[in-house]
Amino acid sequence: MAGSLTSSPHSARVYRVDQVMLQVCLALIPGTIAMVWFFGWGVLINMALASVFAVGAEALVMKARGRPALPAISDLSAIVTALLFAITVPPTLPWWLTLLGILFAIVIVKQLYGGIGYNPFNPAMAGYVFLLISYPVATTSWLPADVPTLLEAKDLVHLSFVDSARLIFTGALPPEITWDAISAATPLDDLRTRLDENVLMGEISQSPLWGFVGGQGWEWVGLGFLLGGLYLLFIRVISWHIPVSLLGSLAVMAGLFWLFDPNHFPAPWFHLFTGGAMLGAFFIATDPVSAATTKRGQLVFGALIGVVVFVIRTWGGYPDAIAFGVLLLNIAAPTIDHYTQPRVFGHGRRT
């Protein structure tokens, strides 16, 4: 009986790049649905715009480098960068700022370093931080969550699809509506401002911006990205090391200070389910190119991001710090890998 001969290595088949990127896109669906539900159609408009800009920028750069554009576009990495960027920025960000952020991410951070596999920084977070530093007002002007009690308490209105599109493409608000009627501080912004005013946590947590365990709406967005992240873990697109160490260190840091002084520090679950903690832990910090690659290194990498996020959120100048935490540890990833290399079989600890 004839049999088949299979050569080594005898290991499980790994995903192709386009398959990994497709699975990441699918895993983003639960969190994206929650974002659209609570923060409006602008989220989807931004995602569509960013995707078109990213694919166009990737194609133009590949043509300028004299290489075929189709293989680079079809690996879907530009689409994933665009989606992560669009989720991070406010739903009413002007279209031209989305274009600037994507051009910085794709052209400067990704392609000028050689394309996918060579970028030392996460392109989506680099593009977001570029806009955050250059245009701080536009990139921190968020809509309130579409929760009736919150809108009624703050005398706010929610934007329709047409209103969102008009605001993004023309900058025009609906008739007889001011910007103050459609925008509100995020729960992390509100927390920092009121703590600086010496308001205690017991009073701050009574704000209509606060939900059950995190910010109104944000806690459901965090839950959606948590579900998507668990899906990626289940199909082994990512490993548990970075998400667990990031969320664990953030929870431990927040828990220690909360136990020490609950009047001036929020509970750890507020940090986990508010802002971009879940998105960052499962979808951004796990970037296989710019993150640490050894297993021990990934634990260190994720844990340090969690510490940096807590420090910046508590004493820094930005209420949410996922992007800064990831970019700062991207710089340190090669050093972390150098000192966390696994022992070679048959050799001592020092080879």
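Everything numeric here is computed off the predicted structure, so don't read it as measured data.

Enquirer: Can you break down the overall build of the protein chain residue by residue, with the values?
Expert: Across its full length, the protein chain carries 17 helices and zero strands. The principal-axis extent of the C-alpha atoms belonging to the protein chain is close to 75 × 50 × 45 Å. Buried positions account for 51% of the 351 residues belonging to the protein chain. The long-range fraction of contacts in the protein chain, counting pairs at least 24 apart against all pairs at least 6 apart in sequence, stands at 76%. Carbon and sulfur atoms make up 67% of the accessible area of the protein chain, which totals about 17400 Å². In the protein chain, 17 positive and 19 negative side-chain charges are present, and the distance between their average locations comes to 22 Å.

Enquirer: Let's hear about the pattern of salt bridges: which residues, and what values?
Expert: Under the counting rule described, the total for this entry stands at four salt bridges. A salt bridge links Arg-166 to Asp-163; its shortest N-O distance comes to 3.1 Å. On the criterion of helical spacing, the pair formed by Arg-166 and Asp-163 is a turn pair, its members being three residues apart in helix H9 (residues 161-170). Glu-203 is the salt-bridge partner of Arg-194, the closest N and O atoms lying 3.7 Å from each other.

Enquirer: Break down the packing of helix H2 (residues 29-39) against helix H3 (residues 42-64) for me, citing the residues and quoting the values.
Expert: Contact geometry of H2 with H3 gives a least axis separation of 8 Å together with a crossing angle of 130 degrees. Between H2 and H3, the crossing angle belongs to the class labelled oblique. The segment H2 lies against H3, with Thr-32, Met-35, Val-36 and Phe-39 engaging Val-43, Leu-44 and Met-47.

Enquirer: Could you give an account of unusual backbone geometry, with specific residues and numbers?
Expert: Phi is positive for Asn-198, which is not a glycine, with a value near 65 degrees. Looking at the secondary structure, you find Asn-198 in the loop between helix H10 (187-196) and helix H11 (201-204). Backbone geometry at Arg-236 places phi at a positive 65 degrees, although glycine is not the residue there. Within the element layout of this structure, Arg-236 appears in the loop between helix H12 (218-234) and helix H13 (241-260).

Enquirer: Describe in detail the environment of Met-125, supporting the description with residues and values.
Expert: Position of Met-125 relative to the elements: it lies in helix H7 (residues 123-134). Through-space distance from the C-alpha of Met-125 to that of Leu-327 is 7.2 Å; in sequence the pair is 202 residues apart. Leave out the neighbours within four places in its chain, and Met-125 touches Thr-88, Ile-284, Ala-323 and Leu-327.

Enquirer: An account of the packing of aromatic side chains is requested, with residue identities and associated values reported.
Expert: Here the structure, examined in full by the defined rule, presents 15 aromatic pairs. A centroid spacing of 6.5 Å and a plane angle of 70 degrees characterise the contact between Phe-265 and Trp-315, whose relative ring orientation is edge-to-face. With Phe-265 in the loop between H13 and helix H14 (268-272) and Trp-315 in helix H16 (residues 295-315), this residue pair connects regions lying 50 residues apart in the sequence. The class for Phe-265 is buried, based on a relative accessible area of 14%.

Enquirer: Go over the environment of Ala-124, please, and point to the residues and values.
Expert: Within the secondary structure, Ala-124 sits in helix H7. Through-space distance from the C-alpha of Ala-124 to that of Val-80 is 8.6 Å; in sequence the pair is 44 residues apart. With near-sequence residues (within four places) excluded, Ala-124 lies in contact with Thr-81, Leu-84, Phe-85 and Ala-105.

Enquirer: A description of the nonpolar core should follow, citing residues and the corresponding values.
Expert: Counting residues in each nonpolar core, the largest one holds 94 residues, and the members touching the most others are Phe-225, Phe-283 and Phe-301. Apart from residues lying up to four places away in sequence, Phe-283 is in contact with Val-24, Ala-27, Leu-28, Leu-84, Phe-225, Gly-228, Gly-229, Leu-232 and Met-278.

Enquirer: Mind laying out the side chain of Asn-119, listing which residues take part and the relevant values?
Expert: Note that Asn-119 resides in the loop between helix H6 (95-110) and H7. Within the structure, Asn-119 has its side chain in polar contact with the backbone oxygen of Phe-121 (distance 2.9 Å).

Enquirer: Which residues make up the environment of Leu-49, and what values do they have?
Expert: In this structure, Leu-49 sits in helix H3. A relative accessible area of 13% places Leu-49 in the buried class. In the structure, Leu-49 is positioned 53 residues away from Ile-102 in sequence and 9.7 Å away in space, judged by C-alpha atoms. The residues touching Leu-49, leaving out its near neighbours within four places in the chain, are Trp-95, Thr-98, Ile-168 and Phe-169.

Enquirer: Can you lay out helix H15 (residues 277-284) for me, pointing to particular residues and giving the numbers?
Expert: Among the eight residues in H15, eight count as buried, and that is most of the element. Those residues of H15 that fall on the buried side of the exposure criterion are Ala-277, Met-278, Leu-279, Gly-280, Ala-281, Phe-282, Phe-283 and Ile-284.

Enquirer: How would you summarise the confidence of the model for the protein chain if you had to cite specific residues and measurements?
Expert: On average, residues of the protein chain score 89 in pLDDT, and 95% of them reach the 70 mark or higher. When pLDDT is averaged over each helix and strand of the protein chain, the minimum, 78, is found for helix H8 (residues 148-154) and the maximum, 96, for H13.

The rules we used
Residues numbered from 1 in each chain as written. Predicted model: local features only at pLDDT ≥ 70, side-chain atom pairs only at ≥ 80, totals over all residues. Heavy atoms only, no water. Helix = DSSP H or I, 4+ residues; strand = E, 2+ residues; numbered from the N terminus. Buried < 20%, exposed > 50% of the residue type's maximum accessible area, 1.4 Å probe, protein only. Contact = heavy atoms within 4.5 Å. Areas by Shrake-Rupley, 256 points an atom, 1.4 Å probe, with all protein chains shown as cover. Lys, Arg positive; Asp, Glu negative; His and termini not counted. Charge placed at Lys NZ, Arg CZ, Asp CG, Glu CD. Salt bridge = Lys/Arg side-chain N within 4 Å of Asp/Glu carboxyl O. Axes fitted to C-alpha atoms, helices over the stretch in contact; angles between N-to-C directions. Parallel < 35°, antiparallel > 145°, perpendicular 65-115°, else oblique. Phe/Tyr/Trp six-rings, centres within 6.5 Å; stacked < 30°, edge-to-face > 60°. Core = buried A, V, L, I, M, F, W, Y, C linked by side-chain atoms within 4.5 Å. Polar contact = N/O pair within 3.5 Å; in protein donor to acceptor, adjacent residues only side chain to side chain. pLDDT = per-residue confidence, 0-100.

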